[in-house]
Amino acid sequence: MRKIIYQRPDGGVSIVTPALNQNDPEGWTEADSEQRAWDKLPADAINPKFVDAADIPTDRTFRNALKPDLTFDMGKAVEIHKDKLRQLRKPLLEALDIEYQIADEKGQDKSIITAKKQALRDVTDDPAIYAAQTPEKLKIVLPDALRV
């Protein structure tokens, strides 16, 4: 079955899956369902078109970076990946904050903790993020500071 893809006014992309349902009259076809879905598209849908379902990427990691031509906006994909890295580093930074406070209370050297925290802050600036040319290559970028 085909799906409908279109760009929204906010720049995002929506994918509509036409479907048969139990209330459809006898003899209702996939083509009828496609037409019904087409007719119900929002008035502000930009450049809607039918695409083969098999052509739509199944990996949803960078779905919000998908463009209507079924390629990816790598700038958006990079931002999505950086947000994921931020989520991964958050609990690590929180744990280091506690270590830092304990070391401070005990009057211990905090330079190693400080260096670890800085390395975590720098994960979103890793050159490998910007060097990735495809979503598949970007997806596997994991800076060393996050490998625990």
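Located above this text is the structure these notes cover.
Let me begin by describing the structure that accompanies this report. The written sequence of each chain sets the order in which its residues are numbered from 1. Given that this is a predicted model, residues contribute local features only at a pLDDT of at least 70 and side-chain atom pairs are listed and counted only at 80 or more, while totals for whole chains, interfaces and linings are drawn from all residues. Side-chain measures were taken over the full set of non-hydrogen atoms in the model, leaving aside hydrogen atoms and water.

Topic: the overall build of the protein
Here comes step 1: Where helices and strands are cited, they refer to DSSP runs of H or I of at least four residues and of E of at least two residues respectively, numbered from the N terminus. Helices and strands together make up the secondary structure of the protein, namely five helices and three strands.
Here comes step 2: Using C-alpha atoms as the atom set, the radius of gyration is obtained and then compared with a globule rule of 2.2 Å times the number of residues to the power 0.38. At 23 Å, the protein has a C-alpha radius of gyration far larger than the 15 Å of a compact globule built from 148 residues.
Here comes step 3: Overall, the protein is about 80 × 35 × 25 Å in size when its C-alpha atoms are taken along their principal axes.
Here comes step 4: Buried, partly exposed and exposed residues are distinguished by accessible area as a fraction of the type maximum, computed with a 1.4 Å probe on protein chains only: under 20%, between the cut-offs, and over 50%, respectively. Relative to its full complement of 148 residues, the protein shows a buried share of 30%.
Here comes step 5: Two residues form a contact once any of their heavy atoms are found within 4.5 Å. Within the protein, contacts between residues at least 6 apart in sequence are counted, and of these 53% link residues at least 24 apart.
Here comes step 6: Per-residue and other accessible areas follow the Shrake-Rupley method at a 1.4 Å probe size, with only the shown protein chains counted as cover for residues. Within the structure as shown, the protein displays about 9700 Å² of accessible surface, and the carbon and sulfur contribution to it stands at 51%.

As for the nonpolar core
Here comes step 1: The nonpolar core is taken to be a set of buried Ala, Val, Leu, Ile, Met, Phe, Trp, Tyr and Cys residues, with the residues joined through side-chain atoms within 4.5 Å. Ranked by size, the top nonpolar core spans 23 residues in total, and within it Ile 5, Phe 62, Leu 70, Ile 129 and Leu 138 carry the most contacts.
Here comes step 2: Among the elements of the structure, α2 (74–106) and α3 (111–121) are those that each provide at least two residues to this core.
Here comes step 3: With six residues, α2 is the largest single contributor of residues to this core.
Here comes step 4: Dropping the residues within four chain positions of it, Ile 129 is found in contact with Val 78, His 81, Lys 82, Leu 85, Val 123, Thr 124, Leu 138 and Val 141.
Here comes step 5: Counting residues in each nonpolar core, the second largest holds five residues, with Ile 4, Ala 37, Leu 41 and Ala 45 among its members.

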